[in-house]
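Residue-level structure breakdown
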Amino acid sequence: MGKRIKEIQRGYKKVIAEDGTEAEYDNLIIATGSNPFIIPIPGHDKEGVMAFRDIDDCDTMFEAAKTYKKAAVIGGGLLGLEAAKGLLNLGMEATVIHDQATLMNMQLDSTAGEMLRADLEGQGMEFKVSTLTTEIIGQDRVTGLTFKDGTSLECDLLIMAVGIRPNMALAKEAGLFCNRGVVVNDFMQTVS
């Protein structure tokens, strides 16, 4: 416990940790989690551009709110809306940019999405829907965004809450078949 596994040796049925510790197994469960996805648009590597996934991200947002006042959140799903609400609670202005017309479009129909939007606007949240970000502007730190429709938005903190990608590196290195995740059969067993 508490050791990061660096290698799976399937033929020997053992795993090796970064500190050299080895452990044998009969059956191995791979539960390596996921990583937040950062859209690779120009400027995504600027200071003030971050994901929203774990407690460290929350701590970074708390610190940023002490200095900066205009936040943008790319992603109108549950996580993006939670990030924007948290930023509002910290005293920041928060604008949510979503590429779809309906907030939480994977869970809500357009009527429910409009009801949610109206409620959140009443709490001070702003929205740009059906909008694609084309560039993150600023010298070293984000100062704003430009959009496909030619408009722009000032911000000094940008949160990307646009999804996750499974952490499959260890499984791939072990030669397991991976697609959008580790591919398994109906019994949750790997297929290679």
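Residues numbered from 1 in each chain as written. Predicted model: local features only at pLDDT ≥ 70, side-chain atom pairs only at ≥ 80, totals over all residues. Heavy atoms only, no water.

With that settled, consider the sheet that holds strand 1 (residues 5-9). Taken in spatial order, the three strands of this open sheet run 1-2-3, and their pairing is antiparallel. The open sheet has two free edges, formed respectively by strand 1 and strand 3 (22-24), since each of these has just one partner strand. The mean angle between the axes of side-by-side strands here comes to 20°, regardless of whether they run parallel or antiparallel. Pairing of strand 1 with strand 2 (residues 14-17) involves four bridges; the strand directions are antiparallel. Considered in strand 2, the bridge of I8 is made with V15. (Pairing = 2+ DSSP bridges. Helix = DSSP H or I, 4+ residues; strand = E, 2+ residues; numbered from the N terminus. Axes fitted to C-alpha atoms, helices over the stretch in contact; angles between N-to-C directions.)

With that settled, the discussion passes to the nonpolar core. Of all hydrophobic cores here, the largest spans 22 residues; its most connected members are L81, L87, M125, L157 and I159. Within the residue set of this core, elements represented by two or more residues are helix 1 (55-67), strand 6 (70-74), helix 2 (78-89), strand 7 (93-97) and strand 12 (157-160). For this core, the leading source of residues is helix 2, giving five residues. Other than its neighbours up to four places away in sequence, L81 contacts G75, G76, V96, L103, M104, L116, L120, M125 and F127. The next biggest cluster of nonpolar side chains, apart from the first, holds 13 residues, and it includes I41, I136, L158 and M160. (Core = buried A, V, L, I, M, F, W, Y, C linked by side-chain atoms within 4.5 Å. Buried < 20%, exposed > 50% of the residue type's maximum accessible area, 1.4 Å probe, protein only. Contact = heavy atoms within 4.5 Å.)

Where strand 9 (residues 133-137) lies against strand 10 (residues 144-147), four bridges are found, and the strand directions are antiparallel. Note that in strand 10 the partner of I137 across the bridge is G144. The turn joining strand 9 and strand 10, which pair antiparallel and follow one another in sequence, is formed by six residues; a positive phi near 130° is taken by G138. Here strand 10 runs beside strand 11 (residues 152-154); their pairing, made up of three bridges, is antiparallel. Bridge assignment links T146 to a residue of strand 11, and that residue is S152. Two successive antiparallel strands, strand 10 and strand 11, enclose a turn made up of four residues, where G150 displays a positive phi of approximately 90°.

Counting buried positions over the five residues of strand 6 gives four, a clear majority of the element. The handedness of the strand 6 to strand 7 crossover, carried by helix 2, is right-handed. (Right-handed = clockwise from strand over helix to strand, strands pointing away.)

The phi dihedral of K13 falls on the positive side, at around 55°, and the residue is not glycine. Within the secondary structure, K13 sits in the loop between strand 1 and strand 2. Judged by relative accessible area, which is 37%, K13 ranks as partly exposed. The backbone of S130 shows a phi angle near 50°, a positive value even though the residue is not glycine. Mapped onto the secondary structure, S130 falls in the loop between strand 8 (126-128) and strand 9.

Reading across from one edge, 5-12-6-7-8 is the order of the five strands in this open sheet, with parallel pairing throughout. Two strands close off the open sheet at either side, each with one partner strand: strand 5 (49-51) and strand 8. Each strand of the sheet is rotated relative to its neighbour by a mean of 25°, with strand direction disregarded.

On to the environment of G11, then. Relative to the elements of secondary structure, G11 occurs in the loop between strand 1 and strand 2. Judged by its relative accessible area of 78%, G11 is exposed. When the C-alpha positions of G11 and E63 are compared, they lie 48 Å apart, and in sequence the two are 52 residues distant.

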